[in-house]
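Here is how the chains run, residue by residue.
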Amino acid sequence: MKPFIGIKKIWHGAVITAAVTPTTLKAWLATATEVKNSHQDTWGYTEDDPTVTEYINELTGKVYYRDVTAKGAKTIAFTMGEYSFEDKAALQGGETIKEGENVVGWKEPETAEIINKAVVGMTKTGNYVVFTNASVVGKGNFVEKNIGLGVTAVAMENSTKGVAGEYWFNGESVDAPVA
């Protein structure tokens, strides 16, 4: 298997509500919105350490058992250096402002909005990381004199039975021609 190095493409779209396979991922990507700009050195994937309880032997003072009580959060983050008002509304909430048919601006929401989307990253080596249901937070992010659209996506439990919150795929299986 190729390593998962760097980032080549990013997509966001509707929460995925069926188990993900290479074929279904390929179909979903065709319906998703591709992020056209990830500002230099802002892409990241992190997984927090799980929460553990250590049980200590009172006779020796040493840990004799560790119980994992909660998994760590998994996060994809990036900053879009160039983006549209539609991107800002989709990832930060609020709404676009139109004059006639033309979008001319963006207006912040009155209250904080909860935004859930599927988020997929394709690595430079061609592999895929899939969050089927991510809590997305978009915000203005000042990077190198540019107010970018900073996006943080935290993988959440998927409410559809049998659908995992995160999948990883070898890119060759996703990009293979359909038989």
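Refer to the structure above for everything that follows.
Summarised in this report is the structure supplied together with it. (Residues numbered from 1 in each chain as written. Predicted model: local features only at pLDDT ≥ 70, side-chain atom pairs only at ≥ 80, totals over all residues. Heavy atoms only, no water.)

What to know about the overall build of the protein chain
Then comes step 1: Counting its secondary structure elements, the protein chain contains 3 helices and 12 strands.
Then comes step 2: Dimensions of the protein chain, computed from C-alpha atoms along their principal axes, come out at roughly 75 × 50 × 35 Å.
Then comes step 3: Considering the protein chain as a whole, with its 179 residues, one finds that 35% of them fall into the buried category.
Then comes step 4: Considering only contacts within the protein chain whose residues lie at least 6 apart along the sequence, 60% involve residues at least 24 apart. (Helix = DSSP H or I, 4+ residues; strand = E, 2+ residues; numbered from the N terminus. Buried < 20%, exposed > 50% of the residue type's maximum accessible area, 1.4 Å probe, protein only. Contact = heavy atoms within 4.5 Å.)

Quick word on the environment of phenylalanine 78
Then comes step 1: Secondary-structure assignment places phenylalanine 78 in strand β6 (residues 74-80).
Then comes step 2: Overall, phenylalanine 78 belongs to the buried group, its relative accessible area being 4%.
Then comes step 3: Along the backbone, phenylalanine 78 and tryptophan 43 are 35 residues apart, and their C-alpha atoms lie at a distance of 4.2 Å.

A word on the pairing of strand β8 (residues 102-107)
Then comes step 1: Bridge count between strand β7 (residues 95-99) and β8: 5 bridges; the pairing is antiparallel. Each bridged residue has a counterpart across the sheet, and for glutamate 95 the counterpart in β8 is lysine 107.
Then comes step 2: Connecting β7 to the antiparallel partner β8 that follows it, the hairpin turn spans 2 residues, and glycine 100 within it adopts a positive phi of roughly 70°. (Pairing = 2+ DSSP bridges.)

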